[in-house]
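Residue-level structure breakdown
For reference, the chains in residue letters:
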Amino acid sequence: MPHVREAGIGVRLGTEGVIPLSDPPHAPASTDTAVDENLLEELIIEAQTALPVELPALANRCASALGLDTALIYLVDLQQRLLIPLDETLEPLPVTDSLAGWAYRTVSPRVDDADDSVIVWMPLVDGAERLGVLAVRTASLDGARMRRSRILAHLLAMLITSKRAYSDWLAARTRTATMRLPTEMLRAFLPPRTIGSSRCVSTAVLEPAYDVAGDAFDHSVVKDVLHTLILDSMGHDLTSGLTASVAMAAARNARRGGCDLADVVESVDQALAQWLPDQFCTGVLCRLDAQTGVLRWVNCGHPPPLLIRAERVLDGALDSPPQPPIGLAGQLAPAARQVHETTLEPGDCVLLYTDGVIEARDTDGAEFGLDRFTDFIIRSSAAGQRPAEVLRLLIHALLDHQRNQLRDDATILLFEWRPQHQ
């Protein structure tokens, strides 16, 4: 049976990972293998124009230039259940029960001593977003090879991030089912699942992955301000997906134009009233100052955000007087949106969700419920799970509760304020 060990001495990187800063304590004295710098430079230049389908071969050539044997890229699938190899001759690996999955879940390296070589499972991360893992095989492992494995993982993560925005092949490779048209349109607008800075992190999940239409989320960090948004459009068809897409585009357009929170909501109201006058959506828009902890939010007919502090939900902390949904025109349109404000404490988490989360029912008709929903997050966070992993586990628990047949879209967005990590 192969011997498995965790690699390195780590330090928290923001709130999403553990990255070794020194050589593994078990490693022998470095026997530095010569690196062909000219070849490595040529490969990096070539990588800029390489097609995504050429990444597996390019990864191996880069590994060889670094004195390593091979490197295999695995990307996580849309539902974060499988790690799918870019080498189409290989089989996927489970996220839950594999060493590769352990590296993905914990965002830290894992070393596997095989019969005649060593495999280092390195997480592939873009900022705070988990992309997958890199399997680096080498005859032996020392400090130099560990550093080179880490460098290679960083390089390939950047390449994957730069190419996946326009590559149908990468998008298709990480799918395990056929996607419906409304979902295809909506997902084209969605940001990465996880974003963050040294002071805050925001992460989100959305299901059903291939059949969602009306739900959507958005988040962005601008200097020291975190912007978040969650939407639930009426209906479950192409029009509802178009409604959410127009709402997100209008919010981004106003936000990028320097509008304050109230004006952003007004811009979305006007856009929907003009272009989709028969459609509306509920939603919550938040703006967190990551330096001061001041949180401002607007709730437009949506379930109120939840504030989790010291492993408990503060009942009613982010409740607010009801306001109409977004996009109502004519006499139903609100005169002005109310913006609410509070100050978070370090370590606070804010949870946004759509009603499909708590109203999911099992075969006996029992709802998943708000208490089970919040208790799952609190217990998982207390167990040391990182925010993105907490939501991955939670959305799978929700799917299991309803036997993978959600009757309504379910979207969850969680953001944390962690000023101590600056």
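The rules we used
Residues numbered from 1 in each chain as written. Predicted model: local features only at pLDDT ≥ 70, side-chain atom pairs only at ≥ 80, totals over all residues. Heavy atoms only, no water. Pairing = 2+ DSSP bridges. Helix = DSSP H or I, 4+ residues; strand = E, 2+ residues; numbered from the N terminus. Contact = heavy atoms within 4.5 Å. Axes fitted to C-alpha atoms, helices over the stretch in contact; angles between N-to-C directions. Parallel < 35°, antiparallel > 145°, perpendicular 65-115°, else oblique. Left-handed = near helix turned anticlockwise from the far one by under 90°. Expected span 1.5 Å × (residues − 1). Patch = residues over 30% accessible without salt bridge, like charges linked within 9 Å, V, L, I, M, F, W, Y side chains within 5 Å. Areas by Shrake-Rupley, 256 points an atom, 1.4 Å probe, with all protein chains shown as cover. Salt bridge = Lys/Arg side-chain N within 4 Å of Asp/Glu carboxyl O. Lys, Arg positive; Asp, Glu negative; His and termini not counted. Charge placed at Lys NZ, Arg CZ, Asp CG, Glu CD. Buried < 20%, exposed > 50% of the residue type's maximum accessible area, 1.4 Å probe, protein only. Phe/Tyr/Trp six-rings, centres within 6.5 Å; stacked < 30°, edge-to-face > 60°. Lys NZ or Arg CZ within 6 Å of the ring centre and 35° of its normal. Core = buried A, V, L, I, M, F, W, Y, C linked by side-chain atoms within 4.5 Å.

As named in an unreviewed UniProt entry, the protein chain is PPM-type phosphatase domain-containing protein, taken from Streptomyces spiralis.

Quick word on the sheet that holds strand 20 (residues 410–417)
One open sheet accounts for 6 strands, arranged 10-11-20-19-16-17; its pairing is antiparallel. A single partner strand is all that each edge strand has here, and the edge strands are strand 10 (194–196) and strand 17 (312–313). As defined by bridge partners, strand 10 adjoins strand 11 (residues 200–207) across 3 bridges and the pair is classed as antiparallel. Residue pairing across strands places Ile-195 opposite Ser-202, the latter belonging to strand 11. Its contacts with the sheet put helix 10 (residues 370–382) on strand 16 (306–309), strand 17, strand 19 (349–353) and strand 20, and the angle it makes with strand 16 is roughly 40°. In the packing of helix 11 (residues 387–401) onto the sheet, contacts are made with strand 10, strand 11 and strand 20, and the angle to strand 11 comes to roughly 20°.

Structural notes on the packing of helix 1 (residues 37–49) against helix 2 (residues 55–65)
If you want to describe how two helices pack, look at the angle between their axes and the distance between the axes. Between helix 1 and helix 2, the shortest axis-to-axis distance is 9 Å and the interhelical angle comes to 160°. Overall, the two elements helix 1 and helix 2 adopt an arrangement that is roughly antiparallel. Like other packed secondary-structure pairs, helix 1 and helix 2 cross with a definite hand, here left-handed. Listed contacts from helix 2 to Leu-39, Leu-40, Leu-43, Glu-46 and Ala-47 of helix 1 are Leu-58, Arg-61, Cys-62 and Ala-65.

A word on helix 8 (residues 261–275)
Under the 1.5 Å per step criterion, the end-to-end length of helix 8 is 21 Å for 15 residues, consistent within 8% with the ideal 21 Å. Residues of helix 8 that are buried sit in contact with helix 7 (238–256), strand 14 (281–289) and strand 15 (294–300).

Some thoughts on the sheet that holds strand 18 (residues 340–343)
Within the open sheet, the 5 strands sit side by side as 12-13-14-15-18. Their pairing is antiparallel. Single-partner strands in this sheet number two, and they are strand 12 (215–222) and strand 18. Going across the sheet, the axis of each strand differs from the next one's by a mean of 15°, ignoring polarity. Against the sheet, helix 8 engages strand 14 and strand 15, with an angle of about 155° to strand 14.

Thoughts on a negative patch on the surface
On the surface, Asp-36, Glu-37, Glu-41 and Glu-42 cluster together into a negatively charged patch. Here Glu-41 is to be found in helix 1. Taking relative accessible area as the criterion, Glu-41 reaches 47% and is therefore assigned partly exposed.

A look at the pairing of strand 4 (residues 70–76)
Most of strand 4 is tucked away, with 5 of its 7 residues classed as buried. Strand direction decides the pairing type here: strand 4 and strand 5 (residues 82–85), joined by 3 bridges, are antiparallel. Opposite Tyr-74, over in strand 5, you have Pro-85 as the bridge partner. Between strand 4 and the antiparallel strand that follows it, strand 5, lie 5 residues; Gln-80 among them carries a positive phi value of about 60°.

Points about the packing of aromatic side chains
Applying the stated criterion across every chain, the model contains 2 aromatic pairs. One cation-aromatic arrangement involves Arg-110 over Trp-102; the distance from NZ or CZ to the ring centre is 4.1 Å. The ring of Phe-368 has Arg-372 sitting right over it, with the charged end atom 5.2 Å from the ring centre.

Observations concerning the nonpolar core
In terms of nonpolar packing, the biggest core is built from 47 residues, with Leu-231, Leu-272, Leu-288, Leu-295, Ile-326, Val-350 and Phe-415 touching the most fellow members. Top contributing element to this core by residue count: helix 7, with 7 residues. Aside from chain neighbours lying at most four places away, what touches Leu-288 is Cys-200, Asp-224, Val-225, Leu-226, Gly-293, Val-294, Leu-295, Leu-344, Phe-415 and Trp-417. With 34 residues, the next largest nonpolar core counts Leu-40, Val-111, Ala-153 and Leu-156 among its residues.

Here's the deal with the pattern of salt bridges
One pass over the structure, following the stated rule, counts 16 salt bridges. As a salt-bridge pair, Arg-180 and Asp-211 come within 2.7 Å of each other at their nearest N and O atoms. You can see Arg-180 sitting in the loop between helix 5 (168–173) and helix 6 (181–187) and its partner Asp-211 sitting in the loop between strand 11 and strand 12, a full 31 residues away along the chain. Note on Arg-180: relative accessible area 34%, which makes it partly exposed. In this structure, Glu-341 and Arg-296 form a salt bridge, with 3.5 Å as the shortest nitrogen-oxygen distance. With Glu-341 in strand 18 and Arg-296 in strand 15, the pair connects residues that are 45 residues apart, well separated along the chain.

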